[in-house]
Amino acid sequence: NRWLMCKSLPPGALERIADTVVDRLRIPWFAGAVKINVSLVPPLVLLPVFLHVAALHFLLGLVILTSLPVVVLWYYYLTHRRKERTLFFLSLGLFSLGYMYYVFLQEVVPRGHVGYSQVVALTCGLILMLAALSRAKKDPGYLPIPASNEKSSHRGLPNKSVRGSSNGLHGVTMSGAAIGRAVNGEAKGYSRMSAEELEGVKKDWCVKCQLVRPARAGHCRLCGRCVRRLDHHCVWINSCVGEQNHQAFILALSSFMLTSVYGITLTLHTVCRGRTPFVALFYCPGAYSDYSSALSFTCVWYCAIVTAGMGYILLIQLLNISYNVTEREARLALRDNTGRRLLGGLVIDTGQYNRGFLCNWGHFLSLGSSPPQRSAEDIV
């Protein structure tokens, strides 16, 4: 009413209205109304509309395909600055896969230039990627939160100041019992480490999770949990990448790259006959001769843009594995100026865990193979 009367709105009114609309957005169901996550809706609605509009003319395709990455990056930095979790990127990725596969079956396969075996190979690659993605979505290696610390946080126990480690945790308050556990290299809810493992291993205390973290573990501010060998929080899977799911994450990226490149090649061979895929991607005179070819060519360019972005992520991951460094450790090394820039700055070598190419890859392939054992105290 104030808006219709051209009167100023009180501070925060628009945010409250938006939150109310989001909370009321539900669909009827047998067990009760189900709340809809608003971040799932834009990819489902806007992606097909944009791609169909881009297929109408070459200039429209150029404008839309250029603006889409800009909008996605803007939304990423917006949510990253607000420290918000969102399903937008996961929804965009999954729906893009499904819609590209649908266009391939509806527009490319009926032309008769794609064989049955090629469709089966593309489908198997898609299934493998989804299986790896499902595994990557599971537990990345969360450290259990000690139940005793949750109770002690409500009691006024005497605190002592503890010096933080390389993560910049200075002036952290810990109870006397927690300090004793930290000195012994033990946190309740996590395994006791042997004396050999404690030598030269850097540990630190997490204020939010109230536990002593083992070496290379870190706290994710978006998930609110500590993760063993934390690499980074990936918005495309809406989860952390850590010790337990890093291998599945690399497998999902690799499967996506191979499947996407294979699908792009098959589509270009069908739409632009007689030209190599790389040449056809930039020069295909008959692409806009009919709407079916234009839509297929537009989807190819959309896939090429997404594939280039995912290829860059995969390249950084493979280089980090080769030097046995995580994204989190690389950021900390840049902040503290303790790492070496290699390969034009693509990788930051901290030198702390680098044991050579073969040993580094052997260490990565053995991640999660032997889960940490619980101490006798925790089992009881």
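The rules we used
- Residues numbered from 1 in each chain as written.
- Predicted model: local features only at pLDDT ≥ 70, side-chain atom pairs only at ≥ 80, totals over all residues.
- Heavy atoms only, no water.
- UniProt positions renumbered as here; feature names shortened; annotations may be inferred.
- Disulfide = S-S within 2.5 Å.
- Buried < 20%, exposed > 50% of the residue type's maximum accessible area, 1.4 Å probe, protein only.
- Phe/Tyr/Trp six-rings, centres within 6.5 Å; stacked < 30°, edge-to-face > 60°.
- Helix = DSSP H or I, 4+ residues; strand = E, 2+ residues; numbered from the N terminus.
- Expected span 1.5 Å × (residues − 1).
- Arc of directions from axis to C-beta.
- Contact = heavy atoms within 4.5 Å.

For the protein, the name recorded in an unreviewed UniProt entry is Palmitoyltransferase, with Aptenodytes forsteri as its organism. Check the Catalytic activity (unreviewed entry) section of the UniProt entry for the protein; it says "L-cysteinyl-[protein] + hexadecanoyl-CoA = S-hexadecanoyl-L-cysteinyl-[protein] + CoA". The record in UniProt for the protein states the following under Sequence similarities (unreviewed entry): "Belongs to the DHHC palmitoyltransferase family."

Novice: Would you mind going over the state of the cysteines with me for this structure?
Specialist: Chemically, a disulfide is nothing more than a covalent bond linking the sulfur atoms of two cysteines. Under the counting rule described, the total for this entry stands at one disulfide. Take Cys 209: it sits in no disulfide, and the sulfur closest to it among the cysteines is that of Cys 226, at 3.6 Å. On the basis of relative accessibility, which here comes to 2%, the residue Cys 209 falls in the buried class. A disulfide-free cysteine, Cys 223 has its sulfur positioned 3.4 Å from the sulfur of Cys 240, the nearest such atom. Given the relative accessible area of 16%, Cys 223 is considered buried.

Novice: Quick question: what am I supposed to make of the packing of aromatic side chains here?
Specialist: Aromatic ring pairs are described here by two measures, namely the spacing of the ring centres and the angle between the planes. Using the criterion set out here, one finds 14 aromatic pairs in the structure. Ring geometry for Phe 58 and Tyr 288: centres 6.4 Å apart, planes at 90 degrees, overall edge-to-face. Pair noted here: Phe 58 is in helix H3 (residues 58-82) and Tyr 288 is in the loop between helix H10 (277-282) and helix H11 (291-322), with a separation of 230 residues, a long-range link. Consider the rings of Tyr 76 and Tyr 77, whose centres lie 5.3 Å apart with planes at 65 degrees: the pair is edge-to-face.

Novice: Can you walk me through helix H5 (residues 116-136) in this structure?
Specialist: Side chains three or four residues apart in an α-helix point the same way, a direct result of the helix having 3.6 residues per turn. Across its 21 residues, H5 extends 30 Å between first and last C-alpha, which sits within 8% of the 30 Å expected from 1.5 Å per residue. Among the residues of H5, those classed as buried are Val 119, Leu 122, Gly 125, Leu 126, Met 129, Ala 132, Leu 133 and Ala 136. Projected down its long axis, H5 carries its buried residues within an arc of 160 degrees, all on one side. In H5, the exposed residues that point more than 90 degrees away from the buried face are Tyr 116, Ser 117 and Ile 127. Those residues of H5 that are buried lie in contact with helix H4 (88-108) and helix H9 (246-271).

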